[in-house]
Amino acid sequence: MNEKASFLWNFVLPKGPLLIGTTLSHYTYGPAKPSWTYKFSLIMAIAQSLGGHLDERPLKQFQAMSRLNDKLGPVHPGANASDAMVPNNYRDKAAVYVDQLLTKEGIDSATLGWDWKNDPRAEKPLKAEWTETKVKDASYSEGRTVLYLHGGGYFLCSIKTHRWASWNMARLGGAKVFSLDYRLAPESPFPAAVHDALAAYLYLIEPPADAGFAPINPKNIVIMGDSAGGGLTFATMLAIRDAGLPTPGGIIGWSPWIDLLLSMPSVLENTATDYLPAEGFTHGGGASLKKVAKVALASAGDDQDALLEKLPPIQHYTNNKLLGCKYVSPVLETNLKGCCPIMLIAGDAEMLRDESIVFSKKHAEAPTNILLRIYDDMPHVFQMFGFLPSAKHALKESGDFIRSVTVGGSGVADKSFERVSVTGERRPLEVDAVPEWKDRIGRVGGGPKFLAKL
């Protein structure tokens, strides 16, 4: 069977009922969100279907499927991409800082559940990729660098799945982009990803003589990522600051996953308008919020530690005991003193929306400048849907931020929490955007009061 026929038989035909149902629903009852075109309704329906079938394949097989080759994840014709590698001695340097940070948090190998200092996967090279535009325009500045951390729930994807992001940030940010293939869970859980990201940062600011580039001024670096990569971005920033290292020029989180306790209402409210698995990222839904609620109600009176101990693993990234660590769930950080400027972009229709809102609201009086943008009708990491006007707008805003916070830029004047319409019009974010967030934050599923409603 040739490739086209195989694709038709294995993918298109089984989706026939889904496509027909989506078509009928779109034209009979209207789209799930007012701005969704028929094309986008179909895309979202297929994405939701794929996410819903996540548990039907073994985890290792799904991981392999997510790591695209050059044919399926090509370099943009307007970009140059070159392989890079962070020498392992930078992991050694980073390990000293990570060890100090974990010790300060009272976390040892027994608490982690594995010996992170002797991970055999850390013996393999820490791969990366440089991306830059072939033609440099006036926005380009030599030395301006983006350290990009890809998303994928901390257990999926790679540099190649996110070449679309690297290209766009090189183009719009006038920068070179250094994308990192950090270690993934569950084989290498927390703190492996933070360890690798910190090693890459040290490599950029203090490269070896044969690296092929000069040391990069930290203030000329923006760390950014999407989804889990966005959460890793925030964790890395906190680790850099807490270790006493020079902080970067800024960070950007696209739909950042910064609350692994799943405490905010949008995780449940937006399942119909997002493509993330409604049952969570653990295969089998063993610790989905419905499971959490069932155990919580049967364990009335237990404190959170006791509840988490009774539950199966909620996330692949780490064990339940560590979900409240600020380097795992950065939304729990209480003090941003010494941090760099921050941009958060999320979709109003996505499940992780409220995490970005709460992080911003929580630090409304912090000395760090924060820009929050919530885009109407948009799902998780909508920037990947480049044909959408909102995606183009958000990509441009990200590029503007990169150029503003790095050397020679105008900087970020103040905090700004805004909603953005599908036509790019801004309006202030309402004060009570996430009701009762103070009662929810830091409590799995938002706590018994909210879990009882499930």
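Residues numbered from 1 in each chain as written. Predicted model: local features only at pLDDT ≥ 70, side-chain atom pairs only at ≥ 80, totals over all residues. Heavy atoms only, no water.

As annotated in an unreviewed UniProt entry, the protein carries the name Alpha/beta-hydrolase and is attributed to Linnemannia elongata AG-77. The record in UniProt for the protein states the following under Sequence similarities (unreviewed entry): "Belongs to the 'GDXG' lipolytic enzyme family." (UniProt positions renumbered as here; feature names shortened; annotations may be inferred.)

With that out of the way, let us pick up the overall build of the protein. Along the protein, the regular secondary structure elements total 16 helices and 10 strands. The C-alpha atoms of the protein give a radius of gyration of 21 Å, which matches the 22 Å a tight globule of 454 residues would have. Taken along the three principal axes of its C-alpha coordinates, the protein extends 60 × 55 × 50 Å. Residues counted as buried form 56% of the 454 residues belonging to the protein. When contacts within the protein are restricted to residue pairs at least 6 apart in sequence, long-range pairs at least 24 apart make up 80% of them. Summed over its atoms, the accessible surface of the protein is roughly 19,200 Å², and 56% of this surface lies on carbon and sulfur atoms. Of the charged side chains in the protein, 48 are positive and 48 negative; the average position of the first set lies 3 Å away from that of the second. (Helix = DSSP H or I, 4+ residues; strand = E, 2+ residues; numbered from the N terminus. Rg over C-alpha atoms; globule rule 2.2 N^0.38 Å. Buried < 20%, exposed > 50% of the residue type's maximum accessible area, 1.4 Å probe, protein only. Contact = heavy atoms within 4.5 Å. Areas by Shrake-Rupley, 256 points an atom, 1.4 Å probe, with all protein chains shown as cover. Lys, Arg positive; Asp, Glu negative; His and termini not counted. Charge placed at Lys NZ, Arg CZ, Asp CG, Glu CD.)

Space inside the second largest pocket adds up to approximately 730 Å³. Lining the second largest pocket are 25 residues; nearest its centre among them are Arg67, Pro125, Lys127, Asp181 and Tyr182. For the lining of the second largest pocket, the elements supplying multiple residues, two or more each, are helix H4 (59-66), strand E1 (79-86) and strand E2 (126-133). Residues belonging to the lining of the second largest pocket are distributed by class as follows: 8 nonpolar, 3 polar and 14 charged. (1 Å grid on protein atoms, 1.4 Å probe; cavity = no way out; pocket = protein on both sides within 12 Å on 5 of 7 lines; lining within 4 Å. Points joined across faces, edges and corners; volume = space filled by probe spheres on them. Nonpolar A, V, L, I, M, F, W, Y, C, P; charged D, E, K, R; others polar.)

Quick look at unusual backbone geometry now. Put simply, alanine 185 and proline 186 share a cis peptide bond, and its omega is 0°. By secondary structure assignment, the location of proline 186 is in the loop between strand E4 (176-180) and helix H8 (192-205). Notably, serine 227 is not glycine yet its phi reads approximately 55°, a positive angle. Inspection of the secondary structure puts serine 227 in the loop between strand E5 (221-226) and helix H9 (228-242). For serine 227, a relative accessible area of 7% corresponds to the buried category. Its identity as a non-glycine residue notwithstanding, leucine 262 has a phi of 55°, on the positive side. Looking at the secondary structure, you find leucine 262 in the loop between strand E6 (250-254) and helix H10 (266-269).

One way to put it is that helix H5 (residues 88-104) packs onto H8 with a least axis distance of 8 Å and a crossing angle of 120°. Between H5 and H8, the angle is such that the two are oblique. Handedness of the H5/H8 crossing: right-handed. Mapping the contact onto sequence places Tyr90, Arg91, Lys93, Ala94, Ala95, Tyr97 and Val98 in H5 and His195, Asp196, Leu198, Ala199, Leu202 and Tyr203 in H8. Its residues assigned to classes, the contact of H5 with H8 comprises 9 nonpolar, 1 polar and 3 charged. (Axes fitted to C-alpha atoms, helices over the stretch in contact; angles between N-to-C directions. Parallel < 35°, antiparallel > 145°, perpendicular 65-115°, else oblique. Left-handed = near helix turned anticlockwise from the far one by under 90°.)

On domain assignment, one finds that the protein holds domain 1 (3-57) and domain 2 (79-260 + 327-428). Here the C-alpha centre of domain 2 lies 31 Å away from the C-alpha centre of domain 1. Between domain 1 and domain 2, the residue contacts involve 8 residues of the former and 8 residues of the latter. The junction of domain 1 with domain 2 conceals about 740 Å² of combined surface from both sides, 78% of it contributed by carbon and sulfur atoms. Area buried by domain 1 at its contact with domain 2 is led by Lys33, Ser35 and Phe40, which between them contribute 52% of it. (Domains from an automatic or database assignment. Buried area = accessible area lost by both parts, 1.4 Å probe.)

We now examine the nonpolar core. Membership of the largest hydrophobic core comes to 130 residues, with the highest contact counts inside it found for Phe178, Leu180 and Phe190. At 12 residues, the largest contribution of residues to this core is made by H8. Both domains that furnish three or more residues to this core are identified here as domain 1 (3-57) and domain 2 (79-260 + 327-428). The residues touching phenylalanine 190, leaving out its near neighbours within four places in the chain, are Leu102, Leu112, Trp114, Tyr317, Thr318, Leu322, Cys325, Tyr327 and Val328. Membership of the second largest hydrophobic core comes to 5 residues, among which are Leu59, Phe62, Phe155 and Leu156. (Core = buried A, V, L, I, M, F, W, Y, C linked by side-chain atoms within 4.5 Å.)

The next thing to look at is the pattern of salt bridges. Applying the stated criterion across every chain, the model contains 29 salt bridges. Residue aspartate 376 pairs with arginine 427 through a salt bridge whose shortest N-O separation is 3.0 Å. Linking aspartate 376 in the loop between strand E8 (370-375) and helix H14 (389-405) with arginine 427 in strand E10 (residues 426-428), this pair joins segments that are 51 residues apart in sequence. A network of salt bridges, in which partner residues are shared, links Glu269, Asp348, Arg353, Asp354, Arg419 and Glu430. (Salt bridge = Lys/Arg side-chain N within 4 Å of Asp/Glu carboxyl O.)

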